[in-house]
Each structure stands twice: as C-alpha cells, then as structure tokens.
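Commentary on secondary and tertiary structure
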Amino acid sequence: MRYFLQPQFTEGSETPYGNNPEAGHYVTSGDAKIYYEVYGLGDDVVILNEGGTGCSYELGSMIDEIREYYRVIVVSSRGQGKSEMGHIPFSLSQKAADVLAVIHEEAEDPVMIVGVGDGAYAAMEAAIEEPEIVDRIVAIGAGTLKKGFIPSSIPYSDVVNADPDFIAQQEALMPEPERAEEIFNTQISYLHSLEIDEDFLLQIECPVLLVCGDGDTHCPMVTAFAASQWIPHSCLCIVPRAWHTVYMYNFPLIRAAMLPFMGTSRAGLVTTRKIAYNIEALQRGMDEVQGEEQIPFGKPILY
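Rules of the game
Within each chain, residues carry numbers counting from 1 in the order of the written sequence. It should be noted that, the model being predicted, local features are given only for residues of pLDDT at least 70 and side-chain atom pairs only at 80 or more, the latter also being counted only at that level, while totals for whole chains, interfaces and linings use all residues. Side-chain measures here rest on the full set of heavy atoms in the structure, leaving out hydrogens and waters. Two strands are counted as paired when DSSP detects at least two bridges linking them. Helix and strand definitions follow DSSP, with helices as H or I runs of at least four residues and strands as E runs of at least two, each counted in order from the N terminus. Inter-axis angles, ranging from 0 to 180 degrees, are taken between N-to-C directions of lines fitted to C-alpha atoms, where helices are fitted over the stretch in contact. Any two residues whose heavy atoms approach within 4.5 Å at even a single point are treated as in contact. Exposure classes here rest on a 1.4 Å probe applied to the protein chains alone. A residue is buried below 20% of its type maximum, exposed above 50%, and partly exposed in between. Here the expected span of a helix is defined as 1.5 Å times the quantity of residues minus one.

1. Looking at the sheet that holds strand S8 (residues 234-239)
- Read from one edge to the other, the open sheet built from eight strands follows the order S1-S2-S4-S3-S5-S6-S7-S8, with strand pairing classed as mixed. Across the chains shown, the open sheet's two edge strands, defined by having one partner strand only, are strand S1 (24-29) and S8. Neighbour-to-neighbour, the strand axes of this sheet turn through a mean angle of 20 degrees, independent of strand direction.
- The pairing of strand S3 (residues 44-48) with strand S5 (residues 111-116) spans four bridges and is parallel. Within S5, the residue paired with Val45 across the bridge is Met112.
- The strands that helix H9 (residues 251-263) touches are S3, S5, strand S6 (134-140), strand S7 (208-213) and S8; relative to S6, the one it contacts most, it runs at about 170 degrees.

2. Some thoughts on the side chain of Gln169
- Its location among the elements puts Gln169 in helix H5 (residues 164-173).
- Of the residues examined, Gln169 reaches a relative accessible area of 15% and is grouped as buried.

3. Remarks on helix H2 (residues 92-106)
- With 15 residues, H2 ought to run about 21 Å at 1.5 Å a step, and its terminal C-alpha atoms sit 21 Å apart, in line with that.
- Among the residues of H2, those classed as buried are Leu92, Gln94, Lys95, Ala96, Asp98, Val99, Leu100, Ala101, Val102 and Ile103.

Written as structure tokens, this is what we have:
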C-alpha cells in the first residue's frame, strides 16, 4: 500500500488500512455500500479520511497509535477505496448519513470521531444531526470554508500523472474503476460548493479539538482559529512548519494534544477563550485568504 505522493523510501504502516479483508465490513447507506475496518478494543473511535486523493492508509501512523487505546473504526468515504459511489447527489448531509450508518451498525454509542478535511466536516454534520451519537470530534485540517475556495475542477490526468502508482492502486480497490474520473470530478465539485460558516459551527454541541498546520493552504490557519471562536466547546492546536497533512509533519505534537483530549471527561475539557471583539478583524482576514480559488495542486514541502 502507498498514499498519494508518498516519498520514495518512506515506509507507511505495516497494516494495509483500507485494503485489509481480515478486518473489513460493509454497511448499506442509501444506494451505496460503505466499506470500513475495525481494529483494537475499548471505546469506539471512528476515523474519516479526507476527500480528493485522501485514503485510509495515509492515516496509518495515527491509526496505529489510536488503536493501542481504543477500538478504531476506519471508514472509506463514499466513492473512495472499496466504498461504492452510488448515484445519490453528493452532499455533506449524505456524507454524514454514511458515517451514521456505520456507527449505528458497528459502534457502541456515543463515539469519538477523528476526521481529516471534509471527513471532519462530515463528522461535524453527523454531530449536528444526531448529537447524542457523537461524544467529541478531532477535526484535522478543517475550519471555516467559503464556497469557491476549492477549485471547481482539477484535471484527473494531472492527478494520474502526479502519482500513477497510487491511482492504479486506488482504482484496483474501487468497485467501479471505470467511474474513477467521474467520482474524482464529483468530489472536487462537491468541495468547491461546500460552505462552513458561523451558523453551521454554532450548532455543534459536542467538544471539538481543531488541529491545523500553520502552512495549510487548504485550511488556512486563520480559518481554524475562526472555527474555534464559533464552535461553542472547542480547543485549538496549531502545528508549526506543517501543511494540510499535518499528521505527517509532527505527529508527536498532535499525539500530545489528541490523546488527552480523547481521554479526558467532557466536564474536564478546557474550551478556547472566545474573543468577541476580534471577530470582525477575523472575518476580514478570512475574506482575504478565501477570496478566490488559490489552492495549488500537489503537496508542498515547507521550509
């Protein structure tokens, strides 16, 4: 197994997350079968990968750590890995429905969710729709988001040319590999139209730990801070010298923030101080960084 743009000679997890038949299961959600894997013992933690070129295996080092303490349910998002795409219009509500279908099938309620990128947004939506099901969320690379910040399209040929081995691997996992380009385009179009704003974030009742790299171009740091001001029970971890895949840059720091957050009682969690007078300036900053499409394709090396 490999993840997208995995550096040569860099080893990933020994467990082939997303392609491990011994741990694999399916649940039907709407018109699609959603694939997930189960590892470890303890309280349930659901893992949600990011969209686009994200995959479960990319989160291998983090899953390896969490499964030492918890029972981990690793979900392949709709249209990714072994999960079917179906033909229902792609939406945040549908992504949350897929997550909830897995939880109702497999987990002991309530659960913790660790989500990356739009996997974090799906976790938030699930928490809004069924607050009694989601105990807390670790949201990595997620903040506020304006429609149009994600490009409306990325040529699939560019993705293939960037990492043909990864694409061949993923297409081999897909139930309908002939739809690979269609599925990718559908995901990018969905992300282009996604909006995460104050009204959405204020509805989240459970505690949320927001984790963001200071060099994240998909989730600029200011948007993560804004989200921390609007989610009622939130705390914030900014990782220096890290991009969107922040867990690959400094996992020890993330572990130090994540495990205490997951292991502390809800009554014992500390919420980031809300600074009402700073919201106007914050909004201007977000308008500046999210005013137009500006995310380059590929994964930069920082510093």
